[in-house]
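What follows is each chain in one-letter form.
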Amino acid sequence: MKNHDYNFSGGNHLRRIGATYYVCYLHSLNKDSNEKRWQKIKTKDQRNKVIIKHSSFCKLWLTEISKMKKVSTNSMGLTVSEVNNYADELLKIPSVKFK
């Protein structure tokens, strides 16, 4: 996994999770339970713990992710458009679930 530096609050934690993983996982929990691409990531358990621990950054991270112009190559196969759209959809949910 190639890490990015995110220059916003909590960005060091999001870097450990990955923006693509973050939106894919939350999209699965909150919008489409058929979205399972995040499950093939070997480090998913560690990433999910970081997501839960830092849930207070959710709206900020989703806002920043929705504006990203590119994402790292990811084994989940999500495009930047999908990542942006997932973030936008999640921002419309009043209370995002984290597990």
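Above this text is the structure in question.
Residues numbered from 1 in each chain as written. Predicted model: local features only at pLDDT ≥ 70, side-chain atom pairs only at ≥ 80, totals over all residues. Heavy atoms only, no water.

1. Some remarks on the overall build of the protein
- Each helix and strand counted, the protein has five helices and zero strands in total.
- Helices and strands appear in the protein in the N-to-C order α-α-α-α-α.
- The C-alpha radius of gyration computed for the protein amounts to 12 Å, which stays within 12% of the reference 13 Å derived for 99 residues, consistent with globular compactness.
- Taking all 99 residues of the protein together, 47% fall into the buried category.
- Restricting to contacts in the protein with at least 6 residues of sequence separation, those with at least 24 account for 70%.
- A total accessible area of about 5,800 Å² is found for the protein, and carbon and sulfur atoms account for 48% of it.
- For the protein, the separation between the mean place of its 19 positive charges and that of its 8 negative charges on side chains is 6 Å. (Helix = DSSP H or I, 4+ residues; strand = E, 2+ residues; numbered from the N terminus. Rg over C-alpha atoms; globule rule 2.2 N^0.38 Å. Buried < 20%, exposed > 50% of the residue type's maximum accessible area, 1.4 Å probe, protein only. Contact = heavy atoms within 4.5 Å. Areas by Shrake-Rupley, 256 points an atom, 1.4 Å probe, with all protein chains shown as cover. Lys, Arg positive; Asp, Glu negative; His and termini not counted. Charge placed at Lys NZ, Arg CZ, Asp CG, Glu CD.)

2. Considerations on the packing of aromatic side chains
- The final tally for this structure, using the stated rule, is six aromatic pairs.
- Both rings, one in tyrosine 21 and one in tryptophan 38, keep their centres 6.3 Å apart while their planes meet at 90 degrees; by these two values the pair is edge-to-face. One end of the pair, tyrosine 21, is in helix H2 (residues 19-30); the other, tryptophan 38, is in the loop between H2 and helix H3 (44-53), and 17 residues separate them in sequence. In this pair, the class of tyrosine 21 matches that of tryptophan 38, namely buried.
- A centroid spacing of 5.2 Å and a plane angle of 75 degrees characterise the contact between tyrosine 22 and tryptophan 61, whose relative ring orientation is edge-to-face. Taken together, the positions of tyrosine 22 in helix H2 and tryptophan 61 in helix H4 (residues 58-66) put the pair 39 residues apart, joining distant regions of the chain.
- A relative accessible area of 0% places tryptophan 61 in the buried class. (Phe/Tyr/Trp six-rings, centres within 6.5 Å; stacked < 30°, edge-to-face > 60°.)

3. So, the side chain of asparagine 84
- When you line up the elements, asparagine 84 lands in helix H5 (residues 80-91).
- On the basis of relative accessible area, asparagine 84 is assigned to the buried category, the value being 14%.
- Setting aside residues no more than four positions away along its own chain, asparagine 84 makes contact with Ile65, Ser66, Lys67 and Met68.

Functional significance is not addressed by these values, which are geometric in nature.
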